[in-house]
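One-letter residues, chain by chain:
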Amino acid sequence: MSDAMATDNLMKIATATLAFTESRGADLPSTLIRYQWFDGSLDEVIAALATYQNDDGGFGNRLEPDIHALESNPFAARIAMQYLRLLPPDTAPEMRSRLREWLVTNQHEDGDWHFSEATKAGFLQPWFGAWEFPSLNPACCVAGLAESLGLVSSGILLRTTTLFAEKASVEQVSSGGFYDLLPYVEYSLGAQLPDEYTDAISDSIVRRAKADEFENAEHFFTLAMGGSAEIAARIPAEMISRYGEQLTAEQQEDGGWPTPYDDAWRVWTTANAMTILSRLSSA
């Protein structure tokens, strides 16, 4: 174990990180860090996540910071499910049941989850304002995460499988950027991808990592550790170690991690960094 990944150093990092998120009044990131690093309360994590769930069972309320409308949207649902994956599967049954209903009710026949009119009426960052549906992102991200949590029916999977067959391509995986790869990676959590896709995904991640094409370590780990075990197993151990050290080096003096996006993302990027380090330290 390197000095950067030594237990004592990681605990110092976690302490500084928690001070940062608490100074920002970020309840969910703070409760997640306490839960993962300081034997914090699972109930507090669930309660903090519940504040982002709407009456319809979906998630909004700027859980996806670039979407300001309070109404439920698929990108916030994706983030909520990522956090649910960090928790024991028998926890938050009511939250999961309500989210399942939202997923079933709001999936379109084309296999995707679209923005509601209320969401489109609120502030959206330009990339979301120009988003075209149906798209592999968010459809495959949402479907893959939902399947991994046992939240979806065969009908939902069938519709998204049809969309995948229409829009997916190995060429896109091989030549596309981070956001082109993301839906393939997260779809692999719930769908058995053909071998050529698994090969192309892992090859693309490794090639981009060797060329230092990732904007930061978080982006690398989102792809390298965010999909199926088959994809993760194909990423060299020395590459995981190198990016783990890079991740610790990217922490800033105030205890948080930087973000190339809106400053509101910093607390979430910081919590994600600590989740990654928690997984690495227990591997």
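Report on the accompanying structure. (Residues numbered from 1 in each chain as written. Predicted model: local features only at pLDDT ≥ 70, side-chain atom pairs only at ≥ 80, totals over all residues. Heavy atoms only, no water.)

Below, the discussion takes up the overall build of the protein. If you tally the helices and strands in the protein, you get 16 helices and 0 strands. By the compact-globule yardstick of 19 Å for 283 residues, the protein fits well, its C-alpha radius of gyration being 18 Å. With respect to the principal axes defined by its C-alpha atoms, the protein has extents near 50 × 40 × 35 Å. For the protein, contacts bridging at least 24 residues in sequence account for 65% of all contacts bridging at least 6. Carbon together with sulfur atoms contributes 49% to the accessible area of the protein, which is approximately 12600 Å² in total. Charged side chains in the protein number 19 positive and 41 negative. The centres of these two groups are separated by 1 Å. (Helix = DSSP H or I, 4+ residues; strand = E, 2+ residues; numbered from the N terminus. Rg over C-alpha atoms; globule rule 2.2 N^0.38 Å. Contact = heavy atoms within 4.5 Å. Areas by Shrake-Rupley, 256 points an atom, 1.4 Å probe, with all protein chains shown as cover. Lys, Arg positive; Asp, Glu negative; His and termini not counted. Charge placed at Lys NZ, Arg CZ, Asp CG, Glu CD.)

To continue, consider the pattern of salt bridges. Scanning the entire structure with this criterion turns up 8 salt bridges. Where glutamate 22 meets arginine 34, a salt bridge forms, and the shortest distance between an N and an O atom there is 2.9 Å. Here glutamate 22 is found in helix H1 (residues 7–23), whereas its partner arginine 34 is found in helix H2 (residues 27–37), with 12 residues between them in sequence. Here glutamate 186 makes a salt bridge to arginine 78, at a shortest N to O gap of 2.8 Å. Of the two residues, glutamate 186 is situated in helix H11 (residues 178–187) and arginine 78 in helix H4 (residues 74–84); the sequence distance between them amounts to 108 residues. Under the relative-accessibility criterion, glutamate 186 is labelled buried at 2%. Residue arginine 78 is classed as buried on the basis of its relative accessible area of 14%. (Salt bridge = Lys/Arg side-chain N within 4 Å of Asp/Glu carboxyl O. Buried < 20%, exposed > 50% of the residue type's maximum accessible area, 1.4 Å probe, protein only.)

Tracing the backbone shows aspartate 66 in the loop between helix H3 (42–50) and H4. Although aspartate 66 is buried, it forms no salt bridge, and the closest oppositely charged side chain is arginine 62 at an N-O distance of 5.7 Å. Non-local contacts of aspartate 66, meaning those with residues more than four positions away in its chain, are made with Phe123, Leu124, Gln125, Trp127, Phe128, Asp262 and Trp265.

Glancing now at unusual backbone geometry. Note the cis peptide between phenylalanine 133 and proline 134, where omega equals 0°. Mapped onto the elements of the fold, proline 134 is located in the loop between helix H7 (126–129) and helix H8 (136–148). Looking along the chain, the bond that leaves asparagine 137 and enters proline 138 is cis, with omega of 25°. In this fold, proline 138 is placed in helix H8. Notably, alanine 92 is not glycine yet its phi reads approximately 50°, a positive angle. Along the chain, alanine 92 turns up in the loop between H4 and helix H5 (93–106).

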